[in-house]
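The lines below spell out each chain.
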Amino acid sequence: MDGSHLSVVVDLCPSQWHLSSLHQPYPLDLGSFVSQLLAFLNSHIASRHENSLAVFGAFPGKSVLLYSSANPPSETPSNDANSFPPFKMVDSTIMHNIVQQLDALDQGLDEEAPSALVGALTKALCFINRLTLEFNTSTANATEGLEPLTLSDPRILVLSVSPDQTTSYIPVMNSIFSAQKLKVTIDACQIYGPETVFLQQAAHLTGGSYIYLERRDALLQYLTMAFLPPPSIRQTISVPTQDKIDFRAACFCHKNIVDVGFVCSVCLSIFCQPVPVCSTCRFVNKVPY
């Protein structure tokens, strides 16, 4: 596989997109966002025939695989003389699944639940790991017992409109460590809301790019300029980088983001105040409190 694999994690929390559509001076509603996202996805597919794509949607309380080029839908869309068939396949499949999931939310599911962004990120990593295993079974490394090969330029792009959830700090860090092990680059774009500490750290620690969208009316330009080139090409072109990175962590006791914390000397768990016994590894501190 010489092409580049791209997994896109899309935050589709209806309440946050409603706030985004009302925010001035650059309102952006869900419909406009999806149309620009589809143009970006089609650009990735068109840039090279071997490129692969997977799209995961993060809805309130659940995450769903919206499209996968490895498992395309069996039903082909109707022929349209004004559209390229592969683009039509991607667009119709993603739109159908998004509408289906949003309709399910309207039928009684908890729309106020937090967006399952971490769950979608974890599914994207598992999907890349599965592709890696399938790729290695077709190489000589598997039969000769050599070290497994990794995919060429695998990456994950997270498009978020939700603020950080302090309870998701540990799952996010575990996802970062897994991405480093798989040599997966994590890119992040915060479209609406405050800066996200966890996505900044995910992009920095995996060699990706993090962008906070200041001009949301130019979303497609941001996506094409910063996230369309694969990591191997970014070394020869100028892509936006982070001016500063927020390395604050969330404490394990109250799940609050802290500036100064107390670290267990055994398991490195972080606490916002001194504790006599570590709640993670049960180590007893000898220092009097």
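Coordinates for the structure precede this section.
Trainee: Describe the nonpolar core, naming the residues involved and giving the relevant values.
Mentor: Counting 39 residues, the largest nonpolar core has Phe33, Phe40, Leu41, Leu159 and Ile191 as the members making the most contacts within it. Broken down by secondary-structure element, the contributors of at least two residues to this core are β1 (5-11), α2 (30-47), β2 (52-59), β3 (62-68), α3 (85-106), β4 (155-160) and α8 (219-227). It is α2 that contributes the most residues to this core, seven residues altogether. Discounting chain neighbours no more than four positions away, the residues touching Leu159 are Val8, Val9, Val10, Asp11, Phe33, Leu37, Cys189, Ile191 and Leu223.

Trainee: Would you mind going over the pairing of β2 in detail, with residue names and values included?
Mentor: For β2, the tally of buried residues reaches eight of eight residues, placing the bulk of the element in the interior. Residue alternation in β2 divides its side chains into two sets, Ser52, Ala54, Phe56 and Ala58 and Leu53, Val55, Gly57 and Phe59, and both sets are buried. Of the pairings in the sheet, the one linking β1 to β2 comprises seven bridges and is parallel in character. Within β2, the residue paired with Asp11 across the bridge is Ala58. In textbook terms, the turn of a hairpin is the stretch between consecutive antiparallel strands, and for β2 and β3 this stretch comprises two residues, one of which, Gly61, has a positive phi near 85°.

Trainee: Would you mind going over the packing of α2 against α3 in detail, with residue names and values included?
Mentor: At a closest axis distance of 10 Å, the pairing of α2 and α3 adopts a crossing angle of 145°. As α2 runs across α3, the sense of the crossing is right-handed. Contacts between α2 and α3 involve Leu30, Val34, Leu38, Leu41, Asn42, Ile45 and Ala46 from the first element and Phe87, Val90, Asp91, Ile94, Met95, Ile98 and Leu102 from the second. Partitioned by chemical class, the residues of the contact of α2 with α3 number twelve nonpolar, one polar and one charged.

Trainee: Let's hear about the packing of helix α4 (residues 117-137) against helix α6 (residues 169-182): which residues, and what values?
Mentor: In the contact formed by α4 and α6, the axes pass within 10 Å of each other and the chain directions differ by 20°. By the criterion of interaxial angle, the relationship of α4 to α6 is roughly parallel. The handedness of the crossing between α4 and α6 comes out as left-handed. The segment α4 lies against α6, with Val118, Leu121, Thr122, Leu125 and Asn129 engaging Pro171, Val172, Ser175, Ser178, Ala179 and Leu182. Classifying every residue of the contact of α4 with α6 by side-chain character gives seven nonpolar, four polar and no charged.

Trainee: Residue-level account of unusual backbone geometry, with values.
Mentor: Looking along the chain, the bond that leaves Gln24 and enters Pro25 is cis, with omega of 10°. Within the secondary structure, Pro25 is located in the loop between α1 (14-22) and α2. The backbone phi angle of Lys183 is positive, close to 60°, even though this residue is not glycine. For Lys183, a relative accessible area of 59% puts it in the exposed group. Phi at Lys255 takes a positive value of approximately 60°, unusual for a residue other than glycine. Turning to its location among the elements, Lys255 is positioned in the loop between β7 (249-250) and β8 (257-258).

Trainee: Would you mind going over α2 in detail, with residue names and values included?
Mentor: The terminal C-alpha atoms of α2 lie 26 Å apart, and with 18 residues this matches the ideal 26 Å at 1.5 Å per residue to within 8%. Of the residues making up α2, those classed as buried are Leu30, Phe33, Val34, Gln36, Leu37, Leu38, Phe40, Leu41, Asn42 and His44. For α2, the elements touching its buried residues are β1, α1, β2, α3, β4 and α8.

Trainee: Can you explain the pairing of β3? Please cite residues and give values.
Mentor: A large share of β3 lies buried, amounting to five of its seven residues. Sheet topology places β2 next to β3; six bridges connect them, and they run antiparallel. Within the sheet, the bridge partner assigned to Ala54 lies in β3 and is Ser68.

Trainee: Got a sec to walk through the pattern of salt bridges? Specific residues and values, please.
Mentor: If you walk through the whole model with that rule in mind, you get six salt bridges. Its salt-bridge partner being Arg130, residue Glu134 comes within 3.6 Å of it at the nearest N-O pair. Here Arg130 and Glu134 lie together in helix α4, a separation of four residues that amounts to about one turn. Residue Arg130 is classed as partly exposed on the basis of its relative accessible area, which comes to 32%. As a salt-bridge pair, Asp259 and Arg248 come within 3.6 Å of each other at their nearest N and O atoms. You can see Asp259 sitting in the loop between β8 and β9 (262-263) and its partner Arg248 sitting in the loop between α9 (231-234) and β7, a full eleven residues away along the chain. Under the relative-accessibility criterion, Asp259 is labelled exposed at 67%. Relative accessible area serves as the criterion here: at 31%, Arg248 is assigned to the partly exposed category. The network of salt bridges with common partners includes Asp246, Arg248 and Asp259.

Trainee: Can you explain the sheet that holds β4? Please cite residues and give values.
Mentor: Taken together, six strands build an open sheet; the order of strands is β3-β2-β1-β4-β5-β6 and the sheet is mixed. Each end of this open sheet is capped by a strand with a single partner; those strands are β3 and β6 (210-212). If you compare each strand with its neighbour and ignore which way they point, the axes differ by 15° on average. Relative to strand β5 (residues 185-190), β4 runs parallel, the two being bridged by six bridges. By the bridge assignment, Leu157 is partnered in β5 with Asp187. Set on the sheet, α3 makes contact with β2 and β3; between it and β3 the angle comes to about 160°. The sheet contacts of helix α7 (residues 197-205) involve β4, β5 and β6, and relative to β5 the element is tilted by about 145°.

Conventions and cut-offs
- Residues numbered from 1 in each chain as written.
- Predicted model: local features only at pLDDT ≥ 70, side-chain atom pairs only at ≥ 80, totals over all residues.
- Heavy atoms only, no water.
- Core = buried A, V, L, I, M, F, W, Y, C linked by side-chain atoms within 4.5 Å.
- Buried < 20%, exposed > 50% of the residue type's maximum accessible area, 1.4 Å probe, protein only.
- Helix = DSSP H or I, 4+ residues; strand = E, 2+ residues; numbered from the N terminus.
- Contact = heavy atoms within 4.5 Å.
- Pairing = 2+ DSSP bridges.
- Axes fitted to C-alpha atoms, helices over the stretch in contact; angles between N-to-C directions.
- Left-handed = near helix turned anticlockwise from the far one by under 90°.
- Nonpolar A, V, L, I, M, F, W, Y, C, P; charged D, E, K, R; others polar.
- Parallel < 35°, antiparallel > 145°, perpendicular 65-115°, else oblique.
- Expected span 1.5 Å × (residues − 1).
- Salt bridge = Lys/Arg side-chain N within 4 Å of Asp/Glu carboxyl O.

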